[in-house]
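# Geometric and topological summary
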Amino acid sequence: MHLEEEAAQAVALFRMLRAHLTRHGPEGLGPLIVSNTRGLADLLAVYLLAREGGLLVETADGLACELPITPLFESIGALERSEEILDAFWRIRSPGDRCAARARAKWS
């Protein structure tokens, strides 16, 4: 599939992260922060790019991203909708996703 330049650069970055994980493990890498998250589509786009970059792995519970994906709500409107956005995000994410498991434990 042909990707526009910005998407191609993001996939290239994710492939570089994949290479780091393969060589060194997750040490030194933090979450993939989605700046200015306004809705569910912003988070799902990162999963799509992560898939193309090789960061999704098969687990017993389905596909999971090897790095946590963390929304950053920076506007008042996004903050007001953040609970709704996170609820929708957690409903569709794989139970095997490490970020979801940590977030659920932290916020429960």
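Because the structure is a prediction, the values reported are computed rather than measured.

In this structure the tally under the stated criterion is one aromatic pair. Seen from their ring centres, Y47 and F89 are 5.9 Å apart, and the 65° between their planes marks the pair as edge-to-face. Of this pair, Y47 sits in helix α2 (residues 40–52) while F89 sits in helix α3 (residues 76–92), and the two are 42 residues apart along the sequence. Among the residues examined, Y47 registers a relative accessible area of 14% and is labelled buried. Take F89: its relative accessible area is 0%, and that puts it in the buried class.

Let us look at helix α1 (residues 5–24). Spacing of three or four residues puts side chains on the same side of an α-helix, whose turn is 3.6 residues. Compared with the 28 Å implied by 1.5 Å per residue over 20 residues, the 28 Å span of α1 between its first and last C-alpha is a close match. Buried residues of α1: V11, F14, L17 and L21, and no others. Buried residues of α1 fall within an arc of 115° about the axis and therefore sit on the same side. In α1, the exposed residues that point more than 90 degrees away from the buried face are E5, M16 and R23. In this structure, the buried residues of α1 make contact with β1 (32–34) and α2. At the C-terminal side of α1, G25 shows a positive phi close to 80°.

Once their charged atoms are close, side chains differing in charge can pair, the charge on each being opposite to the other. Using the criterion set out here, one finds three salt bridges in the structure. A salt bridge links D42 to R38; the nearest nitrogen and oxygen atoms lie 3.9 Å apart. Here E52 and R51 are joined by a salt bridge, their closest N and O atoms 2.6 Å apart. The class of E52 is partly exposed, set by a relative accessible area of 31%.

Conventions and cut-offs
Residues numbered from 1 in each chain as written. Predicted model: local features only at pLDDT ≥ 70, side-chain atom pairs only at ≥ 80, totals over all residues. Heavy atoms only, no water. Phe/Tyr/Trp six-rings, centres within 6.5 Å; stacked < 30°, edge-to-face > 60°. Helix = DSSP H or I, 4+ residues; strand = E, 2+ residues; numbered from the N terminus. Buried < 20%, exposed > 50% of the residue type's maximum accessible area, 1.4 Å probe, protein only. Expected span 1.5 Å × (residues − 1). Arc of directions from axis to C-beta. Contact = heavy atoms within 4.5 Å. Salt bridge = Lys/Arg side-chain N within 4 Å of Asp/Glu carboxyl O.

Treat this as a map of the structure, not an account of what it does.
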